[in-house]
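# Descriptive structure summary
Chain by chain, the residues:
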Amino acid sequence: MQQSPQEILKTIFGYDEFRHNQADIIQSLVTGKDAFVLMPTGGGKSLCYQIPALVRQGIGVVVSPLIALMQDQVDALRQVGIRAAFINSSISFIEKQDTEEAMLRGELDILYVAPERLLMEPMLNLLDQCHISLFAIDEAHCVSQWGHDFRKEYQQLHQLASRFPNVPRIALTATADAKTREEILNQLNLQDAGIFVNSFDRPNIHYTIAESASNARASLLKFLDDKHPDDAGIIYCLSRKKVESTAEWLMQKGRLALPYHAGLSQEQRKQNQQRFLREEGVIIVATIAFGMGIDKPDVRFVAHLSLPKNIESYYQETGRAGRDGEPADAWMSYGLQDVIFLRQMLDSSDAQEQFKRVMQFKLQALLAMCEMATCRRQALLAYFDEEMAEPCGNCDNCQNPPETWDATKAAQMALSCVYRTGQRFGVTYVVDILVGKTDQRIANNGHDRVSTWGIGKDYTQVEWKGIFRELIALGYLSVDMEHGVVKLVEKSRNLLKGAETFMARKQRKQQKLSKAEKKVRATVAEEDQELHEALRTLRTKLATEQGVPPYVIFHDSVLNDLSVYRPTTDAGFTAIHGVGQAKLDKFGEAFMDIIRQHPKADSAKTVKPRTRVNAALSDTVSDSLELFNHGMSVDDICEKRELKPSTIYSHLANAIEAGELESRQVLSDTVEEADIQEIEAMAKYMEIKNGDAMSPLFEALEEKWDYGILRCVMAGVE
Ligand code: ADP
Ligand code: ZN
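Description of the structure in this document. (Residues numbered from 1 in each chain as written. Chains lettered and ligands numbered in written order. Predicted model: local features only at pLDDT ≥ 70, side-chain atom pairs only at ≥ 80, totals over all residues. Heavy atoms only, no water.)

### Observations concerning helix H4 (residues 67-79)
Leu69, Met70, Asp72, Gln73, Val74, Asp75, Leu77 and Gln79 are the residues of H4 that are buried. Two residues or fewer past H4, Gly81 is found with a positive phi of approximately 90 degrees. (Buried < 20%, exposed > 50% of the residue type's maximum accessible area, 1.4 Å probe, protein only. Helix = DSSP H or I, 4+ residues; strand = E, 2+ residues; numbered from the N terminus.)

### Digging into the coordination of the zinc ion (ligand 2)
Taken together, Cys375 (SG), Cys392 (SG), Cys395 (SG) and Cys398 (SG) make up the full set of protein donors to the zinc ion (ligand 2), lying 2.3 to 2.4 Å away. Given four donor atoms and angles of 102 to 119 degrees at the metal, the environment of the zinc ion (ligand 2) is assigned as tetrahedral. When the donor residues of the zinc ion (ligand 2) are listed from N- to C-terminus, their spacing reads C-x16-C-x2-C-x2-C. Residue Cys375 is found in the loop between helix H15 (353-371) and helix H16 (376-383), and its partner Cys392 is found in the loop between H16 and helix H17 (396-399); the two are separated by 17 residues along the sequence. Given the relative accessible area of 4%, Cys375 is considered buried. On the basis of relative accessibility, which here comes to 22%, the residue Cys392 falls in the partly exposed class. (Donors = N, O, S within 2.8 Å, 3.2 Å for Na, K, Ca; no water. Tetrahedral: all angles 85-135°; square planar, octahedral: opposite > 155°, others 65-115°.)

### Considerations on the nonpolar core
Membership of the largest hydrophobic core comes to 144 residues, with the highest contact counts inside it found for Leu118, Ile170, Phe468 and Leu471. Phe628, Ile679, Leu701 and Val713 belong to the second largest nonpolar core, which has 34 residues in total. (Core = buried A, V, L, I, M, F, W, Y, C linked by side-chain atoms within 4.5 Å.)

### A few points about unusual backbone geometry
Even without a glycine there, the phi angle at Gln423 is positive, about 55 degrees. Along the chain, Gln423 turns up in the loop between helix H18 (408-420) and helix H19 (427-434). Even without glycine at this site, Glu642 takes up a positive phi of about 55 degrees. Its place among the elements puts Glu642 in the loop between helix H30 (634-641) and helix H31 (645-657). Taking the relative accessible area as the measure of exposure, Glu642 reaches 57% and is therefore exposed.

### Considerations on the sheet that holds strand E8 (residues 205-211)
Strand order in the open sheet formed by six strands is E8-E13-E12-E9-E11-E10, and the pairing between neighbours is parallel. The open sheet has two edge strands, E8 and strand E10 (257-260), and neither has a second partner. Averaged over all adjacent pairs, the angle separating strand axes in this sheet is 15 degrees, with direction ignored. Pairing between E10 and strand E11 (residues 283-286): four bridges, direction parallel. Counted as the bridge partner of Ala257 is Ile283 from E11. (Pairing = 2+ DSSP bridges. Axes fitted to C-alpha atoms, helices over the stretch in contact; angles between N-to-C directions.)

This is the structure we're talking about:
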């Protein structure tokens, strides 16, 4: 029996709704059209080809450069009952033969294969004899020389178009500026493809970029202790040495932290990566070599102890956090040394001039984003040509706006001191002159007699270094490659002349965590913790038995929901987001057993089946109602649906009118009974009925109550 995409989504994957434009993309492929999909990491690209591969006749061939990833992807698909396999260099001859035979017999739904393998003649021959439902080209930016992961084999993939003209192809990527995008379409012969571009926003990721004057490690530890005391995460460092020492230091601090860099043996790397994937709460400390092959949805934070190369890298690396959609952190600390180092590295590379200029430009954009005082997310999205109307409210600058001060005078002192000392020294030396130090070297150079010696005593050395960092970051000073000598540039002139002002950021004080920030760690309420632990133990046990990562059994969000809603029936169990039929069959009993051993004394929340409760209600009203019935507060629903309270209250007012809710049920958390009665009395006095315009009532009550709340009250009045 043929299932529709929607049915497959529900019964196999256990989700109710398509995300972003998944539905359109899937529809397009199902009807045999090519597609190009731009979707951020964690957006749900895989379903875009997995579902059409199931709907359409034959086998879906997925091309991916990430061999390390295939095993896990296939494991996850098999868990939900899909016949999937992969062919790459890691499997034995026998396994390969088995897979090929299954393909010929038409007993495979999805095959993962690396591009170089796909393009070999025997493989193409084999495919000629199979019925192919589609080709999915994952990580499609690898085809672009402008992009950051160029792979030569990818350029050969255009052959698929001519060799299999009737098979629809879908190319997917999470990174593509306009130029890369164009190259993908051209190189892969996708001129007629439907183009599906999604927002790059990752709303569940909280961004923090902290300038660290001295101790980056201390701030890292505070960040980890405050927000991620036992979470899995990735910490990026620039050098192998720093990777090693940071991992060691974290181990001393009681965290399970494992190093990962190209200097380790293959065996060691593999082992550390496996532990990161399979155990809970492992931190990987890595050079940027790590990550490309990692598909772990429950990475709760990505921390940078060094600056990434550019904004694309920053976006990609931080994008590995929170792919499951739960709150996650992108945290970075950087200082003067990082800025100097990156600038030098770029200048000294022996790349072509034009390439270097591009890289310079990209670095400049990254540094500007680090130093900015306004919303990070707006800047990040703007870099990808995406406009965001309002500041996000979920980044450091939104939540704790940095103060700035007019540092024009100080900047002038700094620049002229560079000039007076002959543009031959590094920052530390120039700062010594500014604060009026004397030592042998300074005396020998006669620099204790220049006019700028000691003129900067009002600021500490740390403050001066901050000013230099900003000057260099914003391009008012250049740094030479060999000795870190700082020099004036064209841009310095206006500042020196006083034709420009220079606003610098004040050092931020350590802040208390705001409510929103704390949320990252508060996932399970106290009364649910015992059960949650027990469920987690069961998940680990099952995962170990089957040799798969825990999230392949169930995502964190499923465990959280299970411990809150405690379903003990099949219907209740599949009502949990992320549980389909196959998972119910496999794991339902085991998990429900544990749940039965942990009865909740009082009012355990129950899950209502998520079918439309009342056909008279619109989709959006039903959605709010459903969440409310799941026990979420109006605030929670607002956050989840990204809608205003008045909207949610209006939805619930509709539900009240339809007899699905009582007005008191909705209001009792936020509005006192006496206030409800006052609103009712006022309405009666003014002869306002449900369905009338609310504004006279709103004004009569001195604008004290949200329109939505008024509607809820009125909806409950006979
Ligand atoms: P990408 O490849 O775009 O980085 P994935 O395909 O790995 O993202 O999906 C990220 C996560 O989102 C996965 O855990 C997946 O199961 C989940 N997901 C995908 N589509 C949906 C959906 N419609 N509803 C709920 N979860 C989804
Ligand atoms: Zn913001």
